[in-house]
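Chain by chain, the residues run as shown.
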Amino acid sequence: MAKHNKPLVVFENCILRPQYYSKEIFHSPTTLTLLPTQKWAITGTHKTRFLEAIAGQYTATPAESRSYPFLEKSVWPASVTSLVSFSTDIKPAYLSARYESYREPEDVDLASFLQKSLVREAGGMSPEDRIQVYESVVHWLGLEPLLSQWIVTLSNGQMRRARLARGLLSSPKILLADEPFLGLDPVSTSSMSALLGELAPAPHVILGLRAHERVPDWISHLAVIDESGIIKAGKKDDVTEKLQELRNRRNSIFIDRSYNFNASNLLPLRGPRADSIIDIDNITVAYKGKVVLKDLKWTVRRGERWHLRGNNGTGKSTLLSLITADHPQSWNSKIRLFSEPRKVGRQNYFSINKVIGHASPEIHAIFPATLTAFQTVSTGFTVGSFLPPSSISHVAGDMTTQEQTDRINSLLQYFNVNPDALFSELTLNDQKLALFMRAIVKNPEVLILDEAFSGMNDESIFRCKQFVYEWGGTVIAIGHIEDEIPRCDKYIRLHGGENLAEQGVVN
């Protein structure tokens, strides 16, 4: 058989285990052959583990039960596969660094970021080959105009292309892209899909998709994976029925499930205060002459649920940073909190964020991994720190330490998260839950949910949405997938640049 016709990867009654552990990754042995003429997508609850297995992670028993026939025997599979996960992005040096004009020590421009990756990933190449690979990847992904831009200022879609570029710099033969469309708007999703589809066969591309995501047209084969292993695998049309079963099961969770839990009992609404919570009166924000927000006027009243919409790069993060005082222009009398103009000396970062609960990918990326789930939630009673409060927190008002503890434990019990587990040991789903609880625990005046439910399983999403609905407080939510945001009654859509924002009622 010619080399280019040989299978990429073959699993034959393969038992996969983590190194040094005896417990199997999947309950059943794995059998599957991936051919170079096929374009695969992996989905299901345990898709990431299967992608990791393709990438050469985990120990295969017996050793010959996992093979890579298209490779020379002297080539180590892990050296020619690149697994790029998009479920979390690069750790920002500090959240406000996205909006300020100074550099943090960890902050670099895109060119430096990619060149550092090139040295690390392509160490075996000659300098001439490195330059050729770098220039080719940057040009193909359209990154030339962004090379001088700091990585923390890139939009979600731009960051996806940067991560993809980093994965390609080692010239892998197999590129595994896990959740490449997570958090992308429809336009950016289509663009990213087209880029990935054009890559094969140099390298071969295998996608990891969430069950509800649309499968790109260029995908020819699907595998559905759960804790038992492969449920169904084969041509896309032959697997569609099984995939639809997963989607129907997901929809039934959102439609049929209910829980005997009244959020308002645990988090009673605060007493009467100014009806207007946030007022932004004709604000314009520009970076180096480039307008991001133009003449923005927006009022958020008590109890309103706003869906903040807009394609990637239209200014949603900038708007949130104005609200949370992470932006230099936050200190502007045209921004009012509870009808009080925001001015230095009258308000400060701590007094502003004392009444705001916030969950976002940026907070997730920099959150300490060494805290327990209980400690993680407890940091919601602090402002400007990830350290658990050592005594009664000023954020908690007149709550006693015992009352704070009881509230944290009630939340952890409702969401079924082990209070003693370290943040680093929690699944992605439980990490997201812990950060949601952290945002809500102090019963904030305003709850900001920025892609807060992305990465959660369906059951957890439903519980969070129902909790927010019953709580009845003021919410600002960002999310491109309707199922992954709480029910909203109003929307504001940003168009970026010189274009004015659009506002309306959610149908």
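Residues numbered from 1 in each chain as written. Predicted model: local features only at pLDDT ≥ 70, side-chain atom pairs only at ≥ 80, totals over all residues. Heavy atoms only, no water.

Named according to an unreviewed UniProt entry, the chain is P-loop containing nucleoside triphosphate hydrolase protein originating from Lipomyces orientalis.

Some remarks on the overall build of the chain
Test applied: Secondary structure is summarised from DSSP: a helix means a run of H or I of at least four residues, a strand means a run of E of at least two, and numbering begins at the N terminus for each. The classification of residues rests on relative accessible area computed with a 1.4 Å probe and restricted to protein chains. Under 20% of the type maximum is buried, over 50% is exposed, and intermediate values are partly exposed. We call two residues contacting when some pair of their heavy atoms lies within 4.5 Å. In these tables, accessible area is a Shrake-Rupley quantity obtained with a 1.4 Å probe, and a residue counts as shielded only by the protein chains included in the view.
A count of helices and strands for the chain gives 14 helices and 20 strands. Across the 507 residues in the chain, those meeting the buried criterion constitute 52%. Once local pairs closer than 6 in sequence are excluded, the contacts in the chain between residues at least 24 apart make up 69%. With the model as given, the accessible surface of the chain reaches about 23100 Å², and the carbon-plus-sulfur share is 50%.

Observations regarding the side chain of E451
In plain terms, the rule: Note on charges: Lys and Arg go in the positive column, Asp and Glu in the negative column, and His and the chain ends are not counted at all. What counts as a salt bridge is simple: a side-chain nitrogen of Lys or Arg found within 4 Å of a carboxyl oxygen of Asp or Glu. By the criterion applied in these results, polar contacts are pairs of N or O atoms within 3.5 Å in which, for protein atoms, one can donate a hydrogen and the other can accept it, and in which residues neighboring in sequence qualify only through two side-chain atoms.
You can see E451 is positioned in the loop between β17 (446-450) and α14 (458-471). R210 provides the closest opposite charge to the buried, salt-bridge-free E451, at an N-O distance of 6.7 Å. For E451, the side chain forms a polar contact with the side chain of S454, separated by 2.7 Å. In this view, E451 contacts G183, P361, K432, I478, G479 and H480; residues no more than four positions away in its chain are not counted.

A look at the sheet that holds strand β15 (residues 340-341)
Operational definition: By the convention used here, strands pair only if DSSP detects at least 2 bridges between them.
Pairing within the open sheet is antiparallel, and its four strands lie in the order β12-β11-β14-β15. Among the strands making up the open sheet, the edge pair consists of β12 (290-301) and β15. Pairing analysis gives two bridges linking strand β14 (residues 335-337) to β15, with the strands arranged antiparallel. Bridging from a neighbouring strand, R336 pairs with P341 of β15.

Some words on the pattern of salt bridges
Where side chains of opposite charge bring their charged atoms close, a pairing between them can arise. One pass over the structure, following the stated rule, counts 11 salt bridges. E498 is the partner of K294 in a salt bridge, and the nearest nitrogen-oxygen pair spans 3.6 Å. Placement of the pair is K294 in strand β12 and E498 in the loop between β19 (490-493) and β20 (502-505), with a sequence separation of 204 residues. On the basis of relative accessible area, E498 is assigned to the exposed category, the value being 53%. In this structure, a network of salt bridges that share partners links the residues K47, D178 and E179.

Examining the pairing of β17
Where we set the bar: For crossovers, right-handed means that the path from the first strand over the helix to the second runs clockwise, given strands pointing away from the viewer.
Taken across its five residues, β17 has five buried, putting it largely inside the fold. In β17, alternate side chains face the same way, and those of V446, I448 and D450 on one face and L447 and L449 on the other are all buried. Relative to β17, strand β16 (residues 356-359) runs parallel, the two sharing four bridges. Counted as the bridge partner of G357 is L447 from β17. For β17 and strand β18 (residues 474-478), the ladder comprises five bridges, and the chain directions are parallel. Across the sheet, V446 pairs through a bridge with T474, a residue of β18. Regarding topology, α14 serves as the crossover connection from β17 to the parallel β18, and that connection is right-handed.

What about the packing of helix α13 (residues 428-440) against α14?
Put simply, the rule reads: For helices, the fitted line uses only the C-alpha atoms of the stretch in contact; every axis is such a line through C-alpha atoms, and the angle between N-to-C directions lies from 0 to 180 degrees. Note that the term roughly parallel is reserved for angles under 35 degrees, roughly antiparallel for angles over 145, roughly perpendicular for angles of 65 to 115, and oblique for everything else. In this classification, Asp, Glu, Lys and Arg are treated as charged, Ala, Val, Leu, Ile, Met, Phe, Trp, Tyr, Cys and Pro as nonpolar, and every other residue, Gly included, as polar.
Closest axis-to-axis distance for the α13/α14 pair is 11 Å, and the angle between their directions is 10 degrees. With respect to α14, the axis of α13 lies roughly parallel. The residues of α14 that touch α13, namely those facing N429, L433, F436 and I440, are S460, C464, F467, V468 and W471. Classifying every residue of the contact of α13 with α14 by side-chain character gives seven nonpolar, two polar and no charged.

A closer look at the confidence of the model for the chain
To keep it simple, the criterion reads: As a per-residue measure, pLDDT tells how confident the predictor is, with possible values from 0 to 100.
For the chain, mean pLDDT is 83; residues scoring 70 or higher make up 86% of the total. In the model of the chain, helix α7 (residues 263-266) stands out as the element of lowest mean pLDDT, 64, in contrast to strand β2 (residues 30-34), which has the highest, 96. Confidence over residues 89-106 falls short of pLDDT 50; this stretch has 47 contacts with residues more than four positions distant or in other chains. Counted against residues more than four places away or in other chains, residues 254-258, with its pLDDT under 50, gives 10 contacts.

A few points about the nonpolar core
Rules: Take the buried Ala, Val, Leu, Ile, Met, Phe, Trp, Tyr and Cys residues and link them wherever side-chain atoms come within 4.5 Å; each set so joined is a nonpolar core. Where each domain starts and ends comes from a domain assignment, either automatic or drawn from a database.
Ranked by internal contacts, the top residues of the largest apolar core, which has 44 residues, are L110, L114, L196 and L207. Only α2 (110-121), α3 (127-140), α4 (156-168), β7 (174-178), α5 (186-199), β8 (204-208), β9 (221-226) and α6 (236-256) provide two or more residues apiece to this core. Two domains each donate at least three residues to this core, and these are domain 1 (1-71 + 173-256) and domain 2 (90-172). What L207 contacts, discounting residues up to four positions off in sequence, is W40, A41, I42, L51, A177, P180, F181, L196, P216, W218 and I219. In terms of nonpolar packing, the next biggest core, distinct from the first, is built from 40 residues, F367, F381, F423 and F436 among them.

Points about the pairing of strand β10 (residues 229-235)
Pairing of β9 with β10, which is carried by six bridges, proceeds in the antiparallel orientation. The partner of I225 across the bridge, within β10, is I230. Where β9 folds back onto β10 in an antiparallel hairpin, the turn is made up of two residues.

Describing the sheet that holds β10
In space, the six strands of this open sheet follow the order β6-β7-β8-β3-β9-β10, with mixed pairing throughout. Each having just a single partner strand, β6 (81-85) and β10 make up the two edges of the open sheet. Adjacent strand axes in the sheet meet at a mean angle of 15 degrees when their direction is disregarded. Of the strand pairs in this sheet, β6 and β7 are connected by five bridges, and their pairing is parallel. Bridged to T81 within β7 is I174.

A look at the side chain of K47
For K47, the location among the structural elements is in helix α1 (residues 47-54). Residue K47 is classed as buried on the basis of its relative accessible area of 4%. Excluding residues within four positions of it along the chain, K47 makes contact with I42, D178, E179, G208, L209, R210 and I225.

Notes on the packing of aromatic side chains
Selection criterion: Each aromatic pair joins two rings of Phe, Tyr and Trp (for Trp, the six-membered one) with centres within 6.5 Å, and gets the label stacked for planes under 30 degrees apart, edge-to-face for over 60, and tilted for any other angle. Sitting over a ring, as applied to charges here, requires NZ of Lys or CZ of Arg to be within 6 Å of the ring centre and within 35 degrees of the ring normal.
Counting across every chain of the model gives 11 aromatic pairs. Centre to centre, the rings of F367 and F423 are 5.1 Å apart; their planes meet at 50 degrees, and the pair counts as tilted. Linking F367 in the loop between α10 (361-366) and α11 (373-378) with F423 in the loop between α12 (401-414) and α13, this pair joins segments that are 56 residues apart in sequence. Judged by relative accessible area, F367 falls into the buried class, the value being 5%. When the ring of F436 is compared with that of F467, the centres are 6.2 Å apart and the planes differ by 85 degrees; the resulting orientation is edge-to-face. Taken together, the residues F436 in helix α13 and F467 in helix α14 connect sequence positions 31 residues apart. Given the relative accessible area of 0%, F467 is considered buried. Grouping aromatic residues by their ring pairs yields a cluster made of Y414, F415, F436, F453 and F467. Across from the ring centre of Y414, 5.1 Å away, lies the NZ or CZ of R463, which sits over that ring.

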